[in-house]
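Letter by letter, the chains look like this.
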Amino acid sequence: MKRAFITGITGQDGSYLAELLLGKGYEVHGLVRRSSSMNRGRIDHLHTDQTLHLHYGDLTDGVGLVNLIRDIRPDEVYNLGAQSHVKVSFEMPDYTASTNSIGTLNLLEAIRAAGLDCRFYQASTSEMFGSTPPPQNEESKFHPRSPYGASKLQAHWVTVNYREAYGLYAVSGILFNHESPRRGENFVTRKITKAVAAISAGIQDHVELGNLEAIRDWGYAPEYVEGMWRMLQVDEPGDYVLATGVGHTVRDFCEAAFAHADLDWRDYVQHNDSFERPSEVDALIGDASRAAEVLDWRAQTTALDLARLMVDADRKDVDRLLHSD
Ligand code: NDP
Ligand code: GDR
């Protein structure tokens, strides 16, 4: 039985990846943060699985990671834990760098200290391309536009360095935006689809957004965690872009989401400056040809299908909430 260790298991991607690996017969170990309220909503449904083990820890606690990796001795490590919100990274730059950059280094050092021959996946991001115009692929220039993007770029290079310096099987997945009904509620897609559900149920009257002109390449998260796993199954470690190859504006996503509930987005979306960033990433559209060629991976779900799928899920949630008595 293969053994995997996942940081960020309570997040969107971590929860889908845990499901995927448990389904493949892995023993899965996940890092969870201590919190005064429960933060395991996305993995609660997996709690009866005897092959899932959760451990308290934090990416900023290097000693804790050394102890965990030494004891668990995983075959595969997926580093998905991060302060992952771009706008928040402008408000918490130090914490963002500690978690995303130093945290990655801590984990790589823990693997080295244990003398493990394991495979390592780093959750890199299209935000590292920042102002480089699309289409972006593995050879495109990095120019991050936020403390988040810069912190992930440091983690990316340290991953490459551990591969080159120590011969570690380390890969960096440069993933473009991917969403799902489990997406955090303060990312723009989920904020929009939740608002559509609440507005169509008559319990909210508008939603406030920032920049509607930004272009993103939105795919479906369960397909992207399959890509992460495939990156660790090939003979040679490498870096791969995962993306749909199609860009849409935030405005397009709004239009599709509201239209799916027979609403006109222009009647409900208001502008609020506080959701704008000090420096914006204008356009990200990925070229995932290398992943198609080497991993036989291709995105299946389009951004507009995703908008509809997420609206349906949020409308079901609102329905359940309203009829729960
Ligand atoms: P989420 O924000 O949904 O999940 C982040 C996870 O990291 C949560 O489990 C969170 O725990 C955990 N975490 C946060 N801080 C720490 C810390 N200091 N120590 C340990 N764990 C911590 O992110 P996603 O699932 O969307 O993304 C997964 C990874 O992929 C992230 O690294 C993200 O930056 C990256 N990425 C995401 C993309 C996307 O479009 N979704 C695209 C490209 C890269 P808790 O639940 O307790 O908050
Ligand atoms: P992003 O995702 O910054 O691309 O990072 P987000 O959904 O936060 O923003 C996408 C675009 O929408 C614009 N926007 C708003 N964004 C938010 N959050 N809230 C708003 O009200 C709003 N209005 C407009 C933003 O300015 C931006 O242009 C995500 C994260 O998952 C990262 O962790 C990941 O690395 C990248 O995707 C790829």
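Note that the structure is a prediction, hence the values are computed from the model and not measured. (Residues numbered from 1 in each chain as written. Chains lettered and ligands numbered in written order. Predicted model: local features only at pLDDT ≥ 70, side-chain atom pairs only at ≥ 80, totals over all residues.)

Participant: Can you walk me through helix α2 (residues 62–72) in this structure?
Facilitator: Structurally, the α-helix is built with 3.6 residues per turn, so residues lying three or four positions apart point the same way. Within α2 the residues assigned to the buried category are L65, L68 and I69. Seen from one end, α2 has its buried residues packed into an arc of 95 degrees, which puts them on one side. In this structure, α2 carries V63 and D71 as exposed residues pointing more than 90 degrees from its buried face. Buried residues in α2 make contact with β3 (52–56) and α4 (93–113). Looking one or two residues past α2, R73 carries a phi angle of roughly 50 degrees, positive in sign. (Buried ≥ 20, exposed ≤ 12 C-beta atoms within 10 Å, placed from the backbone. Helix = DSSP H or I, 4+ residues; strand = E, 2+ residues; numbered from the N terminus. Arc of directions from axis to C-beta. Contact = placed C-beta atoms within 7 Å.)

Participant: Please explain the domain arrangement of the protein chain as it appears in this structure.
Facilitator: Here the protein chain is described as being made up of domain 1 (3–179 + 221–242) and domain 2 (188–216 + 246–284 + 303–322). Centre-to-centre separation of domain 1 and domain 2, based on C-alpha positions: 28 Å. The interface is formed by 15 residues belonging to domain 1 together with 13 residues belonging to domain 2. At three residues, the largest contribution of residues to the side of domain 1 that touches domain 2 is made by helix α3 (residues 86–91). Looking at the side of domain 1 that touches domain 2 residue by residue, the class counts come to six nonpolar, five polar and four charged. (Domains from an automatic or database assignment. Nonpolar A, V, L, I, M, F, W, Y, C, P; charged D, E, K, R; others polar.)

Participant: Would you explain unusual backbone geometry in this entry?
Facilitator: In terms of backbone geometry, most residues other than glycine have negative phi values and most peptide bonds are trans. The amide bond that connects P134 to the next residue, P135, takes the cis arrangement and shows omega of 0 degrees. Here the phi dihedral of D262 falls at roughly 55 degrees; this positive angle occurs in a residue that is not glycine. Note that D262 resides in the loop between α8 (250–260) and β13 (269–271). One non-glycine residue, D296, lies in positive phi territory at about 55 degrees. Considering the arrangement of structural elements, one finds D296 in the loop between α9 (289–295) and α10 (303–322). D296 sits in the exposed class, given 8 other C-beta atoms within 10 Å.

Participant: How should the sheet that holds strand β5 (residues 119–125) be read in this particular structure?
Facilitator: Strand pairing in a sheet relies on backbone hydrogen bonds, with the paired strands running either antiparallel or parallel. Taken in spatial order, the seven strands line up as β3-β2-β1-β4-β5-β6-β11 in an open sheet, and their pairing is parallel. Since the sheet does not close on itself, it has two edges, and those belong to β3 and β11 (239–242), each with one partner. Strand-to-strand twist across the sheet, computed as the mean angle between neighbouring axes with direction ignored, equals 20 degrees. Across five bridges, the pairing between strand β1 (residues 3–7) and strand β2 (residues 27–32) is parallel. Within the sheet, the bridge partner assigned to I6 lies in β2 and is G30. Packing of helix α1 (residues 12–23) onto the sheet brings it into contact with β1, β2, β3 and β4 (76–79), and relative to β2 it is tilted by some 165 degrees. Contacts from helix α7 (residues 221–231) reach β4, β5, β6 (169–175) and β11, with the element oriented near 155 degrees to β6. (Pairing = 2+ DSSP bridges. Axes fitted to C-alpha atoms, helices over the stretch in contact; angles between N-to-C directions.)

Participant: Is there a simple way to think about α1 in this case?
Facilitator: When the terminal C-alpha atoms of α1 are compared, their 17 Å separation across twelve residues agrees well with the 16 Å that a helix rising 1.5 Å per residue should span. Listed as buried for α1 are Q12, D13, G14, S15, Y16, L17, A18 and L21. Contacts made by the buried residues of α1 are with β1, β2, β3, β4 and α7. (Expected span 1.5 Å × (residues − 1).)

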